[in-house]
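Tertiary structure, described
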Amino acid sequence: MSLAPIEIETGPKPTASVILMHGLGADGNDFVPICNELELGGIGSIRFVFPNAPVMPVTINNGYPMPAWYDIYGPIGDKGEDEAGLRRSMASIEALIAKEKTRGIPASRIVIAGFSQGCAMALLTGLRHAERLAGIVALSGYLPLAATTAAEATVMNRDVPIFMAHGQRDGVVQIARATASRDALTALGYGIEWHEYPMEHSVCLEEIADLGAWLRKVLA
């Protein structure tokens, strides 16, 4: 990662962690404002970890360097995936999970979340993590390396709660891509809480409220 993650603790001695990955071209500051909007005060202190993706040239943006978890060669799904980049970033996120464990947060109290490219990383990492997580949050993104999911996903996270949300007018990651990911995961036996909203490639207040309710449930 290019920079150290941003960390915010809602109180002393956190008993749960939420690791939230930003989207392409953004940074860890992007989702910091949602900490207070999720209304999680009733479930104890939480540590929010907002990693910063490394800066790299992104093919679809004419090779311009920007924060990215992996390269995008063309329109999503059309020109293959940057498997090496995806797995490299997955290793970085696994290191963040390991750090939370050393600080006393068990895997069962860790939520892996992300938006857009960060969503792809949350699904890639969370489904393959060796210990049962508290949950996976997938916002405005899709399932990467879908063909390898069945073989690589761990038994421990076969019943992990998954919150998926998407904008009906998303012009960056078409909602059809997200519903195909949802259906692929459902076919593998995963339980998905699905939400869609009349928005573009963004986050809305109704979505934050729904996500807060889901987090209060999985971290109760």
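This section reports on the structure supplied with the text. Numbering of residues starts from 1 in each chain and follows the order in which that chain's sequence is written. Note on the predicted model: pLDDT of at least 70 is required for a residue's local features to be given, and 80 or more for side-chain atom pairs to be given and counted; whole-chain, interface and lining totals, by contrast, use all residues. Excluded from the side-chain calculations are hydrogens and water; all other atoms, namely the structure's heavy atoms, are used.

So, about the overall build of the chain. The helix and strand inventory of the chain stands at six helices and nine strands. Only C-alpha atoms enter the radius of gyration, while the globule expectation follows 2.2 Å times N to the 0.38, with N the number of residues. Radius of gyration (C-alpha) of the chain: 16 Å, near the 17 Å computed for a compact globule of 220 residues. Its C-alpha atoms give the chain principal-axis dimensions of roughly 45 × 35 × 35 Å. Here, residues are in contact when the closest pair of their heavy atoms is within 4.5 Å. Within the chain, contacts between residues at least 6 apart in sequence are counted, and of these 73% link residues at least 24 apart. Working definition of accessibility: Shrake-Rupley area with a 1.4 Å probe, residue cover restricted to the visible protein chains. About 9300 Å² of surface is accessible on the chain, with carbon and sulfur atoms providing 56% of the total. Each helix is a run of DSSP H or I of at least 4 residues and each strand a run of E of at least 2, with the numbering of both proceeding from the N terminus.

Bringing the pairing of strand β8 (residues 162-167) into the picture now. With respect to burial, β8 is a largely interior element, six of its six residues being buried. Each residue is assigned to one of three classes by its accessible area relative to the maximum for its type, calculated with a 1.4 Å probe on protein chains only: buried under 20%, partly exposed between the two thresholds, exposed over 50%. Burial of the side chains of β8 extends over both faces: I162, M164 and H166 are buried on one face and F163, A165 and G167 on the other. Each pair of strands is called paired provided DSSP finds at least two bridges between the two strands. In the sheet, strand β7 (residues 135-139) pairs with β8 via four bridges, with the strands oriented parallel. Each residue of the ladder has a partner; that of V137, found in β8, is F163. Handedness of the β7-helix α4 (residues 146-152)-β8 crossover: right-handed. As paired strands, β8 and strand β9 (residues 192-197) are joined by six bridges and run parallel to one another. By convention, orient the strands away from the viewer: a clockwise path from the first strand over the helix to the second makes the crossover right-handed.

Time to look at the nonpolar core. M121 and L127 are the most contacted members of the largest nonpolar core, which has 36 residues in total. Those elements that provide at least two residues to this core are β2 (16-21), α2 (83-102), β6 (110-115), α3 (117-128), β7 and β8. With seven residues, the single largest contributor to this core is α3. Contact partners of M121, with chain neighbours within four places excluded, come to M21, W69, Y70, L86, S89, M90, I93 and G126. Counting 28 residues, the second-largest nonpolar core is a separate cluster that includes F50, A134, A165 and V218. To qualify as a nonpolar core, a set must consist of buried Ala, Val, Leu, Ile, Met, Phe, Trp, Tyr and Cys residues joined through side-chain atoms within 4.5 Å.

Using a 1 Å grid laid over the protein atoms alone, points where a 1.4 Å probe fits but cannot get out form a cavity; open sets with protein on both sides within 12 Å along at least 5 of 7 lines form a pocket; any residue with an atom within 4 Å of a point counts as lining. Grid points are joined across faces, edges and corners, and a volume is the space filled by probe spheres set on the points. Going through the model one piece at a time under the given rule, you end up with three cavities of 30 Å³ or more. What the second largest cavity holds in volume is close to 40 Å³. As for the second largest cavity, its lining consists of F31, I34, L139, V203, E207, I208 and L211. Ranked by residues supplied to the lining of the second largest cavity, first place goes to helix α6 (residues 205-218) with three residues. Of the residues assigned to the lining of the second largest cavity, the class counts are six nonpolar, no polar and one charged. Under the scheme applied, nonpolar residues are Ala, Val, Leu, Ile, Met, Phe, Trp, Tyr, Cys and Pro; charged residues are Asp, Glu, Lys and Arg; polar residues are all the others, including Gly.

All right, on to the pattern of salt bridges then. Basic side-chain nitrogens of Lys or Arg form a salt bridge, by our definition, when they fall within 4 Å of a carboxyl oxygen of Asp or Glu. Evaluated as defined, the whole model comprises 12 salt bridges. A salt bridge links E7 to R103, with the nearest nitrogen and oxygen atoms 2.8 Å apart. Here E7, found in strand β1 (residues 6-9), pairs with R103, found in the loop between α2 and β6; they are 96 residues apart in sequence, far enough to count as distant. Since its relative accessible area comes to 32%, E7 is described here as partly exposed.

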